[in-house]
Amino acid sequence: MSDPTYRTAKLAPGFDLGAFDCGEPGYNQWLTEHAMQALESGASMVYLLLEKRPDEDERVIGYFAICPTLVVRDDMPKPLQRKVLRNAPAWLLAKLALDSSMRGDQVNQWGWQLLRAALETIVEASELGGGQIIVVDAGNSGLVRWYTRHGYISTGGHNLRLYMKVATARKYLGSVED
């Protein structure tokens, strides 16, 4: 029996999104009911993490959505404000969700793999179209801790918005490859 294979792909018609379950109804619903509309309207780009097992159809095991945005420097954590424009071009990691069945895998660390794919995509996009900052709105305080472990900086308090410079993401990705 061969091992499953994995790939990321842009969302397109024909993918079965209905079996995806990250344990958060809002994220499941966004994928099945709103992701295609967001893509078609140009509001965001949506990428899927797909698993293919022998003799089975590919299944969606994760997804992320990104879109361009603008951030106000004064709203960011102080350590990140240096060399950032007053109204800085940015990328919003609008959605990131992993199927519940893939969590807890200490070997593959699928959550990190999905975040890594999102950061790589954003860094590539920034090289083509600019952008100084990557913003994410964590869904809850537990996710704030998870994102900060991966280089994001919180504004503190009850705010779930976190920031990372694109340059930091580029360095972070390079150091992980070493």
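You'll find the structure just up there.
Presented here is a report on the structure given in the accompanying data block.

What counts, and where the lines are drawn
Residues numbered from 1 in each chain as written. Predicted model: local features only at pLDDT ≥ 70, side-chain atom pairs only at ≥ 80, totals over all residues. Heavy atoms only, no water. Pairing = 2+ DSSP bridges. Helix = DSSP H or I, 4+ residues; strand = E, 2+ residues; numbered from the N terminus. Buried < 20%, exposed > 50% of the residue type's maximum accessible area, 1.4 Å probe, protein only.

### Considering the sheet that holds strand S1 (residues 5–10)
- With mixed pairing, seven strands are arranged side by side in an open sheet as S1-S2-S3-S4-S5-S7-S6. Single-partner strands in this sheet number two, and they are S1 and strand S6 (153–154).

### Brief notes about the pairing of strand S7 (residues 161–165)
- The element S7 is extensively covered by neighbouring structure, given that four of its five residues are classed as buried.
- Pairing of strand S5 (residues 133–137) with S7, which is carried by five bridges, proceeds in the antiparallel orientation. Paired with Val136 across the bridge in S7 is Leu162.
- Across two bridges, the pairing between S6 and S7 is antiparallel. Paired with Ser154 across the strands is Leu162, a residue of S7.

### What to know about unusual backbone geometry
- Look at Asp55: it is not a glycine, yet its phi comes out positive at around 65 degrees.
- Mapped onto the fold, Asp55 is located in the loop between strand S2 (45–52) and strand S3 (59–72).
- By relative accessible area, which is 82% here, Asp55 ends up exposed.
- Positive phi, normally seen in glycine, also occurs at Lys83, with a value near 65 degrees.
- We classify Lys83 as exposed; its relative accessible area is 67%.

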